[in-house]
Amino acid sequence: MSPTPPAPATGTPATGGSSDEGPPAGAGGSLWSGLRPLVLRLHFYAGVLVAPFLLVAAVTGLLYAGSLQAEKLVYRHELSVPVGDRELPVSQQVAAARKAHPEGEISAVRPSPEDGATTRVLLSGVEGVDPDHTLAVFVDPYTGEVRGALEQYGSTGALPLRTWIDELHRDLHLGEIGRLYSELAASWLWLITLGGVLLWLGHRRGRRTLRSVARPDRTATGRRRTMSLHGAVGLWAALGLLFLSATGLTWSTYTGANITDLRAALGQTTPTVSATVGGGEHAGHHMGSGSMPGMDMGGTEGGPRHSADVGLDAVLEAARAEGLDNPVEIVPPAGPGGAYVVSQIQRSWPEKQDSVAIDPATGEVTDVQRFADYPVLAKLTRWGIDLHSGVLFGLVNQIALAALALGLILLIVWGYRMWWQRGRSSAFGRPVPRGAWRRVPPYALVPLTAALVVAGYYLPLLGIPLAAFLVLDPLLARLPAVSRRAGGGR
């Protein structure tokens, strides 16, 4: 929950020069008295070392929470149009887009999802556009007027402003290397949070009501006041921070790959429709696949229609007949023998994630995948990512994320302030005493170590630093305590 814990346990000097080792295991007489020094030491050092990464993640996350609404204002010309009497066929809208932008290939089409919203024609392979992005051409569905073209990223259709902030939050615009910062922060956030909750509940264990535990002490002053604010806000934010940690790890580099492998082993991967027409082995469909060279999705002016192609309008009509209402995305066949794939792309509640494959020669539906049939972990992953991204519950979701990000920023600032106040507001206070492992009862040490080993295996950016701490801490405990020099030392 932040860098600095409450004051050391009774009998352990805060700034004095006596031994750092503390009494041996069992001397306190209770499990918590044995565990508390270890939790305190982990919370302190994890907070001090990881807090800068958490602070960056919190600030950029706060920016991202506001970017979803800012995007609607900044790009309102491209996103919205006056409501007309009747929408043009989608094939005509695509033809207008291709006339204005003949470059690249059509990778997908997102018909106007509601009255007054534009249609997006997505082009891949456009010069000057990031290969992982597409060029979105915005078309007025009532008149066919092209309202503009913007670079788009991801399944949520992020435009340049939101994409820039999203990449800042995810990797600081440093690519794969930069992603390690966010994975490190997410890997440690849950451990720091749980440690902080345990310390705060232990500190307030004499309080009999939830209200007295969950609110700050208004009568406290100085460091005790800071600790009271830190603990109460941390308790309120704990569930949200644990959620952000868990969902943030699902698309991280190393832990994300481990989660994917675990889901595959459990048979909980996200299913997809078969995008291949006919029998035999079917290649799974990928939402980012490109269109066939020269194909214009229905005989439009972009080039000759693929042979025996029923056209875009018939494909959309077939999908509607299967119950796929707006918003949808249409992806053309990836090559000979491929099918059109029409998928619902609503990420707000209730989610619409059904998809169908349609034979381009006949217009018949060849495969159907319903979101209701997804495995449990696939559904939870989808909901978790969308909640983390601020789209599941719209504006309410975004306000909650902003509040969590602001709360985390305050927790970090208060944590460092407590550390400063512990040094009597003239220097940072002395670190938490060494030798915490010696106080943990053996019956608790074994399962605790096993749990941390398992967690560290699946979360390597937690496991590697934690292993270093576990090795060095007992060794440091055997060294004689360093006496404080006059006017120096912490």
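Residues numbered from 1 in each chain as written. Predicted model: local features only at pLDDT ≥ 70, side-chain atom pairs only at ≥ 80, totals over all residues. Heavy atoms only, no water.

A. Up close: the overall build of the protein chain. Regarding its fold elements, the protein chain presents 13 helices and eight strands. Within the protein chain, contacts between residues separated by at least 24 positions form 66% of all contacts whose residues are at least 6 apart in sequence. Carbon and sulfur atoms make up 62% of the accessible area of the protein chain, which amounts to about 23,300 Å² in all. (Helix = DSSP H or I, 4+ residues; strand = E, 2+ residues; numbered from the N terminus. Contact = heavy atoms within 4.5 Å. Areas by Shrake-Rupley, 256 points an atom, 1.4 Å probe, with all protein chains shown as cover.)

B. The pairing of strand E8 (residues 365-369), seen in detail. Sheet analysis places strand E7 (residues 355-358) next to E8, joined by four bridges and oriented antiparallel. Across the sheet, Val-356 pairs through a bridge with Val-368, a residue of E8. (Pairing = 2+ DSSP bridges.)

C. Highlighting the nonpolar core. Formed by 36 residues in total, the largest nonpolar core has its most connected members in Leu-54, Trp-188, Ile-192, Leu-241, Leu-408, Leu-462 and Leu-466. For this core, the elements supplying multiple residues, two or more each, are helix H1 (31-74), helix H5 (179-203), helix H7 (222-249), helix H11 (394-422), helix H12 (442-458) and helix H13 (460-477). Filtering out sequence-adjacent residues up to four positions away, Leu-408 remains in contact with Leu-54, Ala-58, Leu-189 and Leu-241. Of all hydrophobic cores here, the second largest spans 24 residues; its members include Val-94, Val-109, Leu-123 and Val-129. (Core = buried A, V, L, I, M, F, W, Y, C linked by side-chain atoms within 4.5 Å. Buried < 20%, exposed > 50% of the residue type's maximum accessible area, 1.4 Å probe, protein only.)

D. Representation of the pattern of salt bridges in the model. All told, the structure shown has 10 salt bridges when counted by the stated rule. Put simply, Glu-145 and Arg-147 hold a salt bridge, and the shortest N to O gap is 3.8 Å. A relative accessible area of 39% places Glu-145 in the partly exposed class. Residue Arg-147 is classed as buried on the basis of its relative accessible area, which comes to 16%. Of the charged contacts, one joins Lys-352 and Asp-325 as a salt bridge, the two residues approaching to 3.3 Å between their closest N and O atoms. (Salt bridge = Lys/Arg side-chain N within 4 Å of Asp/Glu carboxyl O.)

E. The arrangement of the packing of aromatic side chains in detail. A complete count under the given rule lists eight aromatic pairs for this structure. Ring centres of Phe-44 and Tyr-45 lie 5.1 Å apart, and the angle between their planes is 85°; this geometry places the pair in the edge-to-face category. A relative accessible area of 1% means that Phe-44 is categorised as buried. Residues Trp-349 and Trp-383 carry aromatic rings whose centres are separated by 5.7 Å and whose planes lie at 55° to one another, so their mutual orientation is tilted. In this pair, Trp-349 sits in the loop between strand E6 (340-344) and E7 while Trp-383 sits in helix H10 (residues 376-389), placing the two residues 34 residues apart along the sequence. Residue classification places Trp-349 among the partly exposed positions, given a relative accessible area of 49%. One aromatic cluster in this structure is built from Trp-349, Phe-371, Tyr-374, Trp-383 and Phe-393. Lying across the ring of Phe-371, Lys-379 places its NZ or CZ 6.0 Å from the centre. (Phe/Tyr/Trp six-rings, centres within 6.5 Å; stacked < 30°, edge-to-face > 60°. Lys NZ or Arg CZ within 6 Å of the ring centre and 35° of its normal.)

F. Fine view of the packing of H7 against H11. Packing of H7 against H11 brings their axes to within 8 Å, and their N-to-C directions diverge by 145°. Once H7 is placed against H11, the crossing between them reads as left-handed. When H7 is examined against H11, the residues Gly-222, Arg-223, Thr-226, Met-227, Leu-229, His-230, Val-233, Gly-234, Ala-237, Gly-240, Leu-241 and Leu-244 are found in contact with a partner set consisting of Leu-401, Leu-404, Gly-407, Leu-408, Leu-411, Trp-414, Gly-415, Arg-417, Met-418, Gln-421 and Arg-422. Along the lines of polarity and charge, the residues of the contact of H7 with H11 split into 12 nonpolar, eight polar and three charged. (Axes fitted to C-alpha atoms, helices over the stretch in contact; angles between N-to-C directions. Left-handed = near helix turned anticlockwise from the far one by under 90°. Nonpolar A, V, L, I, M, F, W, Y, C, P; charged D, E, K, R; others polar.)

G. Representation of helix H3 (residues 90-100). Burial analysis of H3 places eight of its 11 residues in the buried class, which makes it a mostly covered element. Where H3 is concerned, the buried positions are Val-90, Ser-91, Gln-93, Val-94, Ala-95, Ala-96, Ala-97 and Arg-98. Where H3 is buried, its residues meet strand E1 (105-110), strand E2 (119-124), strand E3 (134-139), strand E4 (146-152) and helix H9 (312-321).

H. Molecular detail of the side chain of Thr-163. Note that Thr-163 resides in helix H4 (residues 160-171). The exposure class of Thr-163 is buried, given its relative accessible area of 6%. Side-chain polar atoms of Thr-163 contact the backbone oxygen of Ala-158, separated by 3.2 Å. Leave out the neighbours within four places in its chain, and Thr-163 touches His-133, Tyr-153 and Ala-158. (Polar contact = N/O pair within 3.5 Å; in protein donor to acceptor, adjacent residues only side chain to side chain.)

I. Structural context of the environment of Gln-398. For Gln-398, the position within the fold is in helix H11. According to the relative accessible area criterion, Gln-398 is buried, its value standing at 7%. Between the C-alpha atom of Gln-398 and that of His-388, which follows or precedes it by 10 residues, the distance is 9.1 Å. Excluding its chain neighbours within four sequence positions, the residues that come into contact with Gln-398 are Ala-65, Leu-68, Gln-69 and Gly-390. Engagement of the side chain of Gln-398 in a polar contact is seen with the backbone oxygen of Gly-390, the distance being 3.0 Å.

J. Region of the structure containing the pairing of E6. By the criterion of burial, E6 is predominantly enclosed, with five of the five residues buried. With burial as the criterion, each face of E6 is covered, one bearing Tyr-340, Val-342 and Gln-344 and the other bearing Val-341 and Ser-343. Sheet topology note: the strand E5 (residues 328-331)/E6 ladder contains four bridges and is antiparallel. Looking at the pairing, Val-331 lines up with Val-341 of E6. Pairing between E6 and E7: four bridges, direction antiparallel. Paired with Tyr-340 across the two strands is Ile-358, which belongs to E7.

K. Just the environment of Leu-312, in detail. By the element assignment, Leu-312 lies in helix H9. When its relative accessible area of 1% is taken as the criterion, Leu-312 is described as buried. Along the primary structure Leu-312 and Pro-332 are separated by 20 residues, whereas in three dimensions their C-alpha atoms are 8.8 Å apart.

L. Expanded view of a nonpolar patch on the surface. A cluster of nonpolar side chains, Leu-262, Leu-266, Val-376, Leu-377, Leu-380, Val-454, Tyr-457 and Tyr-458, forms an exposed patch at the surface whose accessible area comes to about 770 Å². Assignment of secondary structure puts Val-376 in helix H10. Residue classification places Val-376 among the exposed residues on the basis of a relative accessible area of 56%. (Patch = residues over 30% accessible without salt bridge, like charges linked within 9 Å, V, L, I, M, F, W, Y side chains within 5 Å.)

Keep in mind these values describe shape, not function.
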